[in-house]
Amino acid sequence: MAGSYTKKEFGVGSEEQTLLKDSHGTRIVPAKGCIKPSYNTFRVHIPTGTEPVRLSPGWEGTGRPDDELNFKGVTMDQADLELNPPKDRLSIVFLIMVLHGVGALMPWNMFITARSYFIDYKLSKDYTGIKTIYATNFLPYVGFASQIPNLFFNWLNIFLQFGGNLTTRIVWSIFMQVLIFVCTVILAMTDSSSWPGVFFWVTMASVVTLNTANGIYQNSVFGMVAKLPAKYTGAVILGTNLSGTFTAIINVIAQYMAPNARTAAIYYFITALFVLLACFDTYFALPINRFYRYNELLHQKGLNKRQLENKARTKHDRLPYWKIFKQCFPQCFNTFFVFFVTLSLFPSVQTFIQPSDPNFIVPPEYYSSVMCFLTFNITALIGSCAASLYQWPSKKYLVIPVVLRVLYIPLFLMCNYRPKDYTRLLPVYINNDWVYFLIAVTMGISSGYYSSLSMMYCPRMVDSKYSSTAGMFGAASLITGIVSGLLFCMLMPNLVANLFF
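Residues numbered from 1 in each chain as written. Predicted model: local features only at pLDDT ≥ 70, side-chain atom pairs only at ≥ 80, totals over all residues. Heavy atoms only, no water.

So, a nonpolar patch on the surface
On the surface, Tyr397, Val399, Ile400, Val403, Leu404, Val406, Leu407 and Leu411 cluster together into a nonpolar patch covering about 650 Å² of accessible area. At four residues, helix 15 (residues 399-404) tops the list of elements feeding residues into the nonpolar patch. Mapped onto the secondary structure, Leu404 falls in helix 15. Relative accessible area serves as the criterion here: at 51%, Leu404 is assigned to the exposed category. (Patch = residues over 30% accessible without salt bridge, like charges linked within 9 Å, V, L, I, M, F, W, Y side chains within 5 Å. Areas by Shrake-Rupley, 256 points an atom, 1.4 Å probe, with all protein chains shown as cover. Salt bridge = Lys/Arg side-chain N within 4 Å of Asp/Glu carboxyl O. Helix = DSSP H or I, 4+ residues; strand = E, 2+ residues; numbered from the N terminus. Buried < 20%, exposed > 50% of the residue type's maximum accessible area, 1.4 Å probe, protein only.)

Structure follows, in structure tokens:
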């Protein structure tokens, strides 16, 4: 008959049932007289001309809990999402994840790229009237203050998994970052010429607080994107790679449009506020998106399944941390050494390299912004993208080009490096701006390429069940390399001022 389904018992013919959808959605009507719906015997209203949706095997054979089989706790929205898996229309969710990737590295990039505002304006002798050491060591101190919270939390997170509500962590971390940037804008508007020391240490405290909140935000972003397909994690990484380029471009535009360093800094930091507020708004817009809700539903179901499986785990299932570390150590060293060399030179050395030719294509006032920040960020992005397309050398031989990158340290010191408040005694061996530009380009590309390659190889050094732990060791090695490079770069002014070469 057109309006009913013939009774079928288990063991009789193929265990397959037919459901149909009408204009009001799928309707399952239990057979008359049944207290509990039975999916061996039921009737479905079948509108004429609709195409059946087949479920095979029957729902009772899927091992689902009784509550789910009886539709307890399953909303019509969830049922509709599972029956009609949505797509990411216009790649909206992908673009939102790119935006959050940009926001994840915004604080670090904003403070190191605003070099001219802090060193040449707020902490300069012309502004304060006195000579201080704050301008000389500003960039190393900012890098150190930025990365110490990350160093601590990354190593601790390997052994202790931090939890908490994702929404709470994202909301409060973004709120704290917005608050710090508002204070930074207020400080830019305030005359601090009579208290440079207080301004310096208030800025350092702001950087520590900002990056602590940002560390929580970064961790939460990757927790959020873990609910989505793998390419969306790639979107966040793409955003982090774009973040440095974005801030460098904004810095150049602010310098060009503003009449002085103070106004440029205000425009610059307000841009960071808009980006963080956009991240805040788009996070709350995600639950409205059907594609995100569908993947969140699948993730929660998989999480529930894993929790049931993990109930039987015993104390003998503890992770062999030392064994994992020994197996992935070669790639951890590669990651560490790439960032050690890079942060020994960028931005602390590069930003003090001055033009050798006053008629060079880049004007002197934009030389540092273009030749240091813009060049490095664009080339590192190119190198990172190249690593996803082509992987060479292999895991075994990657250490060779990584160690050879140490040659960039003497090469940069041979350029026209003029650290502030130091008299250079070492002769300038490379006094051609185009040669320096070529060295800077190859350094940036190799940094992005080899760091991405070592991070990709790291989880492959261990059994698949330990890959996530190996990945965390790699991330901790990355931060350790950054901090070590920032400490080592403090020696660079002495190297050229005391004729060590």
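The discussion continues.
A word on the side chain of Thr128
Mapping Thr128 onto the fold places it in helix 6 (residues 125-128). Taking relative accessible area as the criterion, Thr128 reaches 12% and is therefore assigned buried. At 2.9 Å, the side chain of Thr128 and the backbone oxygen of Ser124 are in polar contact. A distance of 3.0 Å separates the side chain of Thr128 from the backbone oxygen of Ile130, its partner in a polar contact. Among residues more than four places away in sequence, those in contact with Thr128 are Lys122, Leu123, Ser193 and Pro196. (Polar contact = N/O pair within 3.5 Å; in protein donor to acceptor, adjacent residues only side chain to side chain. Contact = heavy atoms within 4.5 Å.)

Side note on the environment of Thr168
Counting through the fold element by element, Thr168 comes out in helix 8 (residues 166-189). Classification of Thr168 as partly exposed rests on a relative accessible area of 41%. Each C-alpha atom of the pair Thr168 and Ser220 lies 9.7 Å from the other, and the pair is 52 residues apart in sequence.

A word on the packing of aromatic side chains
One pass over the structure, following the stated rule, counts 40 aromatic pairs. A ring pair is formed by Tyr141 and Phe200, whose centres lie 5.7 Å apart and whose planes are at 90 degrees; its orientation type is edge-to-face. With a gap of 59 residues between them, Tyr141 in helix 7 (residues 138-159) and Phe200 in helix 9 (residues 196-225) connect regions that are remote in the sequence. According to the relative accessible area criterion, Tyr141 is partly exposed, its value standing at 32%. Relative to Trp434, the ring of Phe360 has its centre 5.1 Å away and its plane inclined at 70 degrees; by these criteria the two rings are edge-to-face. Of this pair, Phe360 sits in the loop between helix 13 (321-345) and helix 14 (367-389) while Trp434 sits in helix 17 (residues 433-457), and the two are 74 residues apart along the sequence. (Phe/Tyr/Trp six-rings, centres within 6.5 Å; stacked < 30°, edge-to-face > 60°.)

As for the confidence of the model for the chain
Per-residue confidence for the chain gives a mean pLDDT of 80; residues scoring 70 or more make up 78%. Considering each helix and strand of the chain separately, the mean pLDDT is smallest for strand 1 (residues 17-19), with a value of 44, and largest for helix 15, with 97. With pLDDT under 50 throughout, residues 50-63 is counted as low confidence; its partners more than four residues away or in other chains account for 29 contacts. Every residue in residues 66-71 scores below 50 in pLDDT, and together they form 13 contacts with partners more than four places removed in sequence or on other chains. (pLDDT = per-residue confidence, 0-100.)

Description of the packing of helix 8 against helix 11 (residues 261-285)
The geometry of helix 8 relative to helix 11 is characterised by a closest axis approach of 9 Å and an angle of 165 degrees between their N-to-C directions. Taken as axis vectors, helix 8 and helix 11 run roughly antiparallel relative to one another. Crossing handedness for the pair helix 8 and helix 11: left-handed. For the contact of helix 8 with helix 11, the residue count by class is 21 nonpolar, three polar and one charged. (Axes fitted to C-alpha atoms, helices over the stretch in contact; angles between N-to-C directions. Parallel < 35°, antiparallel > 145°, perpendicular 65-115°, else oblique. Left-handed = near helix turned anticlockwise from the far one by under 90°. Nonpolar A, V, L, I, M, F, W, Y, C, P; charged D, E, K, R; others polar.)

Details of the packing of helix 4 (residues 106-113) against helix 7
Relative to each other, helix 4 and helix 7 sit at 170 degrees, their axes nearing to 10 Å. In terms of orientation, helix 4 and helix 7 fall into the roughly antiparallel class. Of helix 7, the residues touching helix 4 (which contributes Trp108, Phe111 and Ile112) are Phe138, Leu139, Val142, Gly143, Ser146 and Gln147. By residue class, the composition of the contact of helix 4 with helix 7 is six nonpolar, three polar and no charged.

Quick notes on the nonpolar core
Side chains of nonpolar character tend, in soluble globular proteins, to be buried together. Met97, Phe138, Phe181, Met224, Phe269, Phe412 and Met492 are the most contacted members of the largest nonpolar core, which has 111 residues in total. Ranked by residues supplied to this core, first place goes to helix 11 with eleven residues. Those residues in contact with Met97 that lie beyond four places of it in its chain are Met224, Val225, Leu228, Tyr232, Ala235, Val236 and Leu286. (Core = buried A, V, L, I, M, F, W, Y, C linked by side-chain atoms within 4.5 Å.)

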